[in-house]
Amino acid sequence: MELVVNGRRRGSSSDPERPLLYVLREELDLTGAKYGCGEGQCGACTVLLDGVPVRSCLTPAHVAQGKQIITIEGMERDGQLHPLQEAFIKADAMQCGYCTPGMIMSAAGLLHKTPHPDEAEIKRAMQGNICRCGTYPRIVQAVRMASIGKGAAHA
Amino acid sequence: MPETFEVERYELFSGPAYRFTPDRREFLKLLGGGIVVLLALDGADAVAQESSGRRRGGRGGGEMPQNLGAWLHIRPDGGVTVFTGKVEVGQNARTSLTSVVAEELRMDRGRIEMVMGDTQLTPFDMGTFGSQTTPRMVPQIQKVAAVAREMLIDLAAQQWKAERSRLVVEHGSVRNQDSGQALSFAELSKGQELTRTITADTRVTPANDWKVLGHDQTKVNAREIVTGRHRYAHDVARPGLLYGRIIRPPVYEAKLQSVDSTAAEKLPGVTVVHDGEFLGVACADSSKLAQAVGAIKAQWSTPQSVANSRDLSGYLKAHTHGPVQLSSEVTEALKSADGKVESTYHIPYIAHTPLETRAAVAEWDGDHVTIWTGSQRPFGVRDEVAQAFGLNSANVRVMIPDTGSGYGGKHTAEAAIEAARLAKAAGKPVKVAWSREEEFTWAYFRPGGVIEVRSGARKDGTIVAWEFHNYNSGGSAIESPYNIPGQKCQFHATDSPLRQGSYRGLAATANHFARECHMDELAESVGMEPLAFRLKNAENPRLRKVMETAAESFGWGKTKSNPTLGFGISAGFEKGGYISCCVEVRIDRASKQIKVVRAVQAFECGAVLNPLQLKNQIEGAMMMGIGGALIEAVQFENGRILNPKLSRYHVPRFSDLPAIEVVLVDRKDVQAAGAGETPIVGIAPAIGNAVFRATGQRLRSLPMKLA
């Protein structure tokens, strides 16, 4: 099996039915996507397939074949953080941070489709991601900041 | 301090074997020179930081101090490393402690490294819980950093033969204000082998002079988090790593009767361990684990369990330890009351549900084992592992990567012991990462409880009688902070049908729910407005201040409740923090939905160290509190958890997010208290009171559901 992860071709010897999450984490050592529930309820494992957020814990690896897989590790380009990453830092939109990669990937999927979402659209799009620390108000704020270009330029 | 029923746990642990046996010079050589400042704990601090409360000898000569608190090393490269036994679980201790060093040493926080929760490197610490990092560890680190700064000034003064008072520390250097000369920390510490041991009475920068503390600071390692580079225990990789899984009993208390693992043992690369009640497998490819588990035939006993979540209160009352007697004084006092209320409140078991489940990697080297795990008690894990394997504590090293939250739920060493057992058999490092279902079933829960209150007040609002009995959910914050002479408040231990333990503000949440709901009921009985009734009985100026602040920001009393909109208020005090919460709830009569649409919380915990992250912590606690108030309950029956999945045990999501406003009351004249817990206690009773105003229904059971 061959997968294209963060713009790089990566070989995998896993069973194609194996959930993508474990191929990424255990075979490719990309541990940014997290296990949280194994039933698509928490969103910690979210990655993008051709720009669409999916729950990698429920996605068989073969589904991702031939698609562009973007994980949290692929969001930073040439040492430059993605505006969402900048905005999450600036808004302090995390506590333990375990949900953060999944949050950012879900938000990236939203902004890909809806570049300027209002608060209700953000909440709806992020409904499948759990932050047990409860930083929801800051995550909403961070996504808004990124969508209007205010994530960057934090000292 | 630990919660009532947790104290017993800690007494099981003996004091640690102290590791820093070399004398100071050898110790410094190990570090490669520089300047070291060690804090020797005495009195209450030493007792608080050590599990045994036992003093372990004095300090003297060239030996290392025995009761070591936090310590700090200015490295020859000019950077600073601080060592503390506290851990980071999302409460942002790493950021606050780093900011403390940046403040005292007047240096950029990027040059400060915080080594936390590594049992081989950091001083012993009882654990990160009870909101103790801010009141206990912050002052320790302030002191070692302040002394380090003065030592650097001494070194510069000697070198320049300059007047000490003319030297200032800024941007990682000492500068002579007269000559303009500057020496960096690196230049000053290079070639030095200096140690100083200090005690608690060291002067630190007063809050009014703070340049870093008291100002907004974002998370110090946020970049690692947002890029996915930070490795939690789940993410730790080791050469040759195997993945392990434990075969669990089908119900609580079931015992292994027989095991046939012949088929599993024949699978290539699979290690099977059956040792007493322990049954687990490990292999290099985690996708083969299910097959290996499936190949093991295990027979279990089938114990009967009578307890269930539907009649939890009945169980707890029937299994109370010792007699409970009503107070005759309160009975007497009630005679002079114009309004009397008697009510019972019910608290379910709830689950911490940390998004990172329990996980550990264990790796043996001879009779030494190294553990990486997510935990709030690195030294507790070390001692549990040592006990499980009959080792000296010194043979166990535990390292805690910043952890995917705990909320009081990660005090124990289950995953560490399991990984170590499998790794010992396999001769390779093993990772055990619990599934969500395991976390929901085999961790421990916030205790359920029953609270009975009877009270009386006079027409003018004066409370004349107050009696409060808490069964099982804990004694913390059981006393009313209102001025009630002769109040009787008692905690009663009971048997627990489930394994129970610490939780973010566990007892205080239950006790505040009952008390603050009851305050409204009592106000109603004498026809008083809830805020006026509270203020009438509150003498403490800090308590009054948060109530007045929350009410003003909320616009309390400006709009009247109606059948679809309710307004509620609560107030309280716990672990050094004062809190008041006002909420607005919307009632959907048809669907019986209670939705919190707006919440304003005022909080005061002394001097604010970091307004940004304090607000974040308070908002998060309010969100988590909405879960306990309206959504969460562990359902159990016949020794099983009935809702051990996130699809069945719901926690707050974006759709539950109200408009939240946090108002901080900053008291620079009061030493900072912790804030990880207290902000959770106010929201449930405020919601309950708001629901009553809208609907006339008094909901006394958590989670609150409309009839």
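Just so we're clear, the structure is a prediction, and the values are computed from it rather than from any experiment. (Residues numbered from 1 in each chain as written. Chains lettered and ligands numbered in written order. Predicted model: local features only at pLDDT ≥ 70, side-chain atom pairs only at ≥ 80, totals over all residues.)

**Focus: the sheet that holds strand β17 (residues 396-399) of chain B**
Residue and element names in this part refer to chain B. With respect to topology, seven strands assemble into an open sheet ordered β11-β12-β9-β18-β15-β16-β17, the strand pairing being mixed. Unpaired on one side and paired on the other, β11 (271-275) and β17 mark the two borders of the sheet. Averaged over all neighbouring strand pairs, the angle between strand axes comes to 20°, with direction disregarded. Strands in contact with helix α12 (residues 378-389) are β16 (368-373) and β17; relative to β17, the strand with the most contacts, it is inclined by about 145°. (Pairing = 2+ DSSP bridges. Helix = DSSP H or I, 4+ residues; strand = E, 2+ residues; numbered from the N terminus. Axes fitted to C-alpha atoms, helices over the stretch in contact; angles between N-to-C directions. Contact = placed C-beta atoms within 7 Å.)

**Some points on the domain arrangement of chain B**
Residues and elements named next belong to chain B. Domain boundaries assigned for chain B yield domain 1 (4-219), domain 2 (234-301 + 358-433) and domain 3 (310-350 + 445-695). Contact with domain 1, which involves 20 residues of that partner, is made by 20 residues of domain 2. Per-class residue counts for the side of domain 1 that touches domain 2 are eight nonpolar, seven polar and five charged. (Domains from an automatic or database assignment. Nonpolar A, V, L, I, M, F, W, Y, C, P; charged D, E, K, R; others polar.)

**A word on the domain arrangement of chain A**
All names here are of chain A. Domain annotation of chain A identifies domain 1 (2-74) and domain 2 (83-147). Taking only C-alpha atoms, the centre of domain 1 and the centre of domain 2 are 20 Å apart. Taken together, the contact pairs 14 residues of domain 1 with 13 residues of domain 2. The set of elements that each furnish at least two residues to the side of domain 1 that touches domain 2 consists of β3 (46-49) and β4 (52-55). In terms of residue count, the dominant contributor to the side of domain 1 that touches domain 2 is β3 (three residues). A class-by-class count of the residues in the side of domain 1 that touches domain 2 yields nine nonpolar, four polar and one charged.

**What about the interface of chain A and chain B?**
Listed by partner, the interface residues are 46 residues for chain A and 47 residues for chain B. Taken together, the residues that form the side of chain A that touches chain B break down as 20 nonpolar, 13 polar and 13 charged.

**Details of the environment of Y345 of chain B**
For Y345 of chain B, the position within the fold is in strand β14 (residues 339-347). For the pair formed by Y345 of chain B and N470 of chain B, sequence separation is 125 residues and the distance between their alpha carbons is 9.4 Å.

**Here we look at the sheet that holds strand β2 (residues 68-74) of chain B**
All names here are of chain B. Taking strand neighbours across the sheet as the criterion, the five strands line up as β4-β3-β2-β1-β8 in an open arrangement whose pairing is mixed. The two strands at the open ends of the sheet, each matched to only one other strand, are β4 (112-116) and β8 (193-198). Averaged over all pairs of adjacent strands, the angle between their axes in this sheet comes to 15°, without regard to strand direction. Relative to β2, strand β1 (residues 34-40) runs antiparallel, the two sharing five bridges.

**Quick word on the nonpolar core**
Residue and element names in this part refer to chain B. In this structure, A148, A360, I371, A416, A419, C582 and I687 are the most contacted members of the largest nonpolar core, which totals 255 residues. Sort the elements by how many residues they give to this core and helix α5 (residues 133-160) lands first, with eleven residues. Ignoring sequence-local partners within four residues, the contact set of A360 consists of A233, I371, W372, T373, A415, A416, A419 and V432. (Core = buried A, V, L, I, M, F, W, Y, C linked by C-beta atoms within 7 Å. Buried ≥ 20, exposed ≤ 12 C-beta atoms within 10 Å, placed from the backbone.)

**Quick word on the confidence of the model for chain B**
Residue and element names in this part refer to chain B. Put simply, chain B has an average pLDDT of 92, and 93% of its residues get 70 or more. Note that residues 1-22 has pLDDT below 50 and, in this model, 42 contacts with residues that lie over four places away or in other chains. Here residues 50-61 is a poorly scored stretch, pLDDT under 50, and it has 23 contacts once near neighbours within four places are set aside; other chains count. Overall fold confidence (pTM) sits at 0.94, and the ipTM for the predicted complex is 0.97. (pLDDT = per-residue confidence, 0-100.)

**Overview of helix α2 (residues 83-90) of chain A**
Counted residue by residue, α2 of chain A has eight buried out of eight residues, so it is predominantly covered. Of the positions making up α2 of chain A, those classed as buried are P83, L84, Q85, E86, A87, F88, I89 and K90 of chain A. Tucked inside the fold, the buried residues of α2 of chain A contact α3 (100-113) and α5 (136-147) of chain A together with α7 (222-226) of chain B. Among the residues trailing α2 of chain A, D92 of chain A stands out with phi positive, at a value near 55°.

**A few points about the packing of helix α15 (residues 506-525) of chain B against helix α16 (residues 530-537) of chain B**
A pair of packed helices is captured by two measures, namely the crossing angle of their axes and the spacing between those axes. Residue and element names in this part refer to chain B. At a closest axis distance of 9 Å, the pairing of α15 and α16 adopts a crossing angle of 100°. With respect to each other, α15 and α16 are oriented roughly perpendicular. Across the interface between the two elements, M519, D520 and A523 of α15 pack against P530, F533 and R534 of α16. Here the residues of the contact of α15 with α16 are counted per class, giving four nonpolar, no polar and two charged. (Parallel < 35°, antiparallel > 145°, perpendicular 65-115°, else oblique.)

**Re the packing of α15 of chain B against helix α19 (residues 683-695) of chain B**
Residue and element names in this part refer to chain B. Interaxial distance between α15 and α19 falls to 8 Å at its minimum, and their mutual angle equals 30°. The angle between α15 and α19 places the two elements in the roughly parallel class. For the pair α15 and α19, the crossing hand works out as right-handed. Of α19, the residues touching α15 (which contributes T509, H512, F513, E516, C517 and D520) are A684, P685, G688, N689 and F692. Here the contact of α15 with α19 is built from residues that sort into five nonpolar, four polar and two charged. (Left-handed = near helix turned anticlockwise from the far one by under 90°.)

**Remarks on the pairing of β17 of chain B**
Residue and element names in this part refer to chain B. In β17, alternate side chains face the same way, and those of V396 and V398 on one face and R397 and M399 on the other are all buried. With four bridges joining them, β16 and β17 adopt parallel strand pairing. Within β17, the residue paired with W372 across the bridge is M399. Running through α12, the crossover from β16 to the neighbouring parallel element β17 is right-handed. (Right-handed = clockwise from strand over helix to strand, strands pointing away.)

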